[in-house]
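Next come the chains, spelled out residue by residue.
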Amino acid sequence: RPLLKTALLGREIVYIASIDSTNNETKKLAAAGCVEGTILLTEEQHGGRGRLSRGWFSPFGKGIWLSVVLRPRFLPQEAPKCTLMTAVAVVKAIRKVTGIPCGIKWPNDILYQGKKLVGILTEMNAEMDAINHVVIGIGINVNIASEELPPDLAALATSLQIETGQPVSRRELLTVVLYELEQAYALVNTQGFDPILEQWRQLSVTLGQKVDVIGLNNRFSGVAVDIDRDGALLVDTPAGQERVIAGDVSIRPA
Ligand code: BTX
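All values reported here derive from a predicted model rather than from experimental measurement.

**Quick notes on the pattern of salt bridges**
And then number 1: All chains considered together, the criterion is met by 13 salt bridges.
And then number 2: Between Glu198 and Arg201 there is a salt bridge, and its shortest N-O distance comes to 3.0 Å. In this pair, Glu198 and Arg201 both sit in helix H5 (residues 194-203), three residues apart, roughly one turn of the helix.
And then number 3: The exposure class assigned to Glu198 is partly exposed, which follows from its relative accessible area of 37%.
And then number 4: Judged by relative accessible area, Arg201 falls into the partly exposed class, the value being 25%.
And then number 5: Note that Arg243 and Asp230 form a salt bridge whose closest N and O atoms lie 3.2 Å from each other. Taken together, the residues span a long stretch of sequence, with Arg243 in strand E11 (residues 240-244) and Asp230 in the loop between strand E9 (219-227) and strand E10 (233-237) at a distance of 13 residues.
And then number 6: By relative accessible area, Arg243 is classed as partly exposed at 41%.
And then number 7: Through salt bridges with shared partners, a single ionic network connects Lys27, Arg49 and Glu123.

See below:
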């Protein structure tokens, strides 16, 4: 694999042409003891998943639909920050390969001009105080044409091909994504999450924005001012500062 510039990520590569969800299959591999750094790639998902049982549109040959197995030594409560780490890595990779100045919408989306290019779904398996594995799912819309987007996504989603006006090499982008993710993971392992959180702030499109926060039972508006050390979003509202935890809310520009 001459193109890969990584030592850990991709040392085992599983390729399955068509699958329900790369995260589902990768969780099985991880539970069965696959090595850290195993990746699973597919051409299409017929049950691609987002957060909160939402779907992820994953048409054949048009994207990078990928899951990565990590076995980090940090505490289970730190695992959600793998999403932030991955977002930083993928933004850097897309900027390097395509020049598109995309940014991160807290917590798990990469947008360009308000439209979603990438989704990230981190799932963890832990026992007691130790992580067994983390599966990071990454969906990148690479060569989807605008007329191929389903009507409900037309206003919400975009792809690298739509934005650059030409096809983008999935092979090249994949190698840079894995390289950047390996760098980010190495940084976390040597220096903790603080440097990544700082990079995340620089690449965020959410901070400084007026947002509506929509939870299961509540809803409020405010200005997103920062993320804290746990990756929670801090929102200033007329009633004071709210701390918003990923997983149970959506946010949208107000
Ligand atoms: P999310 O819950 O933040 O976003 C899901 C929402 O995004 C959907 O409800 C829909 O509105 C919109 N959407 C669906 N498909 C697309 C698309 N292709 N492009 C842009 N917007 C879309 C985001 O969840 C996390 C998605 C992770 C996907 C990866 S792919 C590999 C791995 N396997 C798997 O099943 N999921 C992950």
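**A few points about the sheet that holds strand E7 (residues 130-141)**
And then number 1: In spatial order, the strands read E1-E2-E3-E7-E6-E5-E4; together these seven strands make up an open sheet with mixed pairing. Taken across any chain shown, the strands that pair with only one partner, and hence form the sheet edges, are strand E1 (13-19) and strand E4 (103-105). Between one strand and the next, the sheet's axes are offset by a mean angle of 20°, whatever the strand orientation.
And then number 2: Direction of pairing for strand E5 (residues 109-112) relative to strand E6 (residues 115-127): antiparallel, over a ladder of four bridges. Among the inter-strand pairings, Asp109 is bridged to a residue of E6, identified as Gly119.
And then number 3: The sheet contacts of helix H2 (residues 81-98) involve strand E3 (63-70), E4, E5, E6 and E7, and relative to E7 the element is tilted by about 35°.

**Remarks on helix H1 (residues 22-31)**
And then number 1: Where H1 is concerned, the buried positions are Thr22, Asn23, Thr26 and Ala30. The buried residues of H1 all sit within an arc of 85° when viewed along its axis, so they share a single face. Among the exposed residues of H1, those oriented more than 90 degrees off its buried face are Lys28 and Ala31.
And then number 2: Where the residues of H1 are buried, they touch E1, strand E2 (39-45), E3, E6 and E7.
And then number 3: Where H1 begins, the side chain of Ser21 points an oxygen toward the backbone nitrogen of Asn23, at a separation of 3.2 Å.

**Here's the deal with the domain arrangement of the protein chain**
And then number 1: When its domains are assigned, the protein chain resolves into domain 1 (13-203) and domain 2 (210-253).
And then number 2: Computed from C-alpha atoms alone, the centre-to-centre distance between domain 1 and domain 2 is 23 Å.
And then number 3: Contact residues are listed per partner, giving twelve residues for domain 1 and 15 residues for domain 2.
And then number 4: Between domain 1 and domain 2 the total buried area reaches about 1,100 Å² when both faces are included, carbon and sulfur atoms providing 56% of it.

**Section: the sheet that holds strand E8 (residues 210-214)**
And then number 1: Strand order in this open sheet of five strands is E11-E10-E9-E8-E12, and the pairing throughout is antiparallel. Two strands close off the open sheet at either side, each with one partner strand: E11 and strand E12 (250-253). Between one strand and the next, the sheet's axes are offset by a mean angle of 45°, whatever the strand orientation.
And then number 2: Examined bridge by bridge, E10 and E11 share five bridges and lie antiparallel to one another. Across the sheet, Asp236 pairs through a bridge with Gln241, a residue of E11.

About the cut-offs
- Every chain is numbered on its own, with residues counted from 1 as its sequence reads.
- In view of the model being predicted, local features appear only for residues whose pLDDT reaches at least 70, and side-chain atom pairs are presented and counted only at 80 or more, with totals across whole chains, interfaces and linings using the full set of residues.
- Where side-chain values are given, they derive from all heavy atoms of the structure, hydrogens and water being excluded.
- Just to be clear on terms, a salt bridge is a Lys or Arg side-chain nitrogen sitting within 4 Å of an Asp or Glu carboxyl oxygen.
- A run of H or I in DSSP becomes a helix once it reaches four residues, and a run of E becomes a strand once it reaches two; helices and strands are each numbered from the N terminus.
- Buried, partly exposed and exposed residues are distinguished by accessible area as a fraction of the type maximum, computed with a 1.4 Å probe on protein chains only: under 20%, between the cut-offs, and over 50%, respectively.
- Two strands form a pair only when DSSP identifies at least two bridges running between them.
- Each axis is a line fitted through C-alpha atoms, taken for helices only over the stretch in contact, and angles between the N-to-C directions span 0 to 180 degrees.
- The contact rule is simple, with two residues in contact once any of their heavy atoms fall within 4.5 Å.
- Here the arc refers to the directions that run from the helix axis out to each C-beta atom.
- Side-chain atoms alone can form a polar contact between residues adjacent in sequence; in general such a contact is a pair of N or O atoms within 3.5 Å, and within protein one must be able to donate a hydrogen while the other accepts it.
- Residue ranges assigned to the domains are those given by an automatic or database domain assignment.
- The term buried area means the drop in 1.4 Å probe accessible area that two parts suffer when joined, counted for both and summed.

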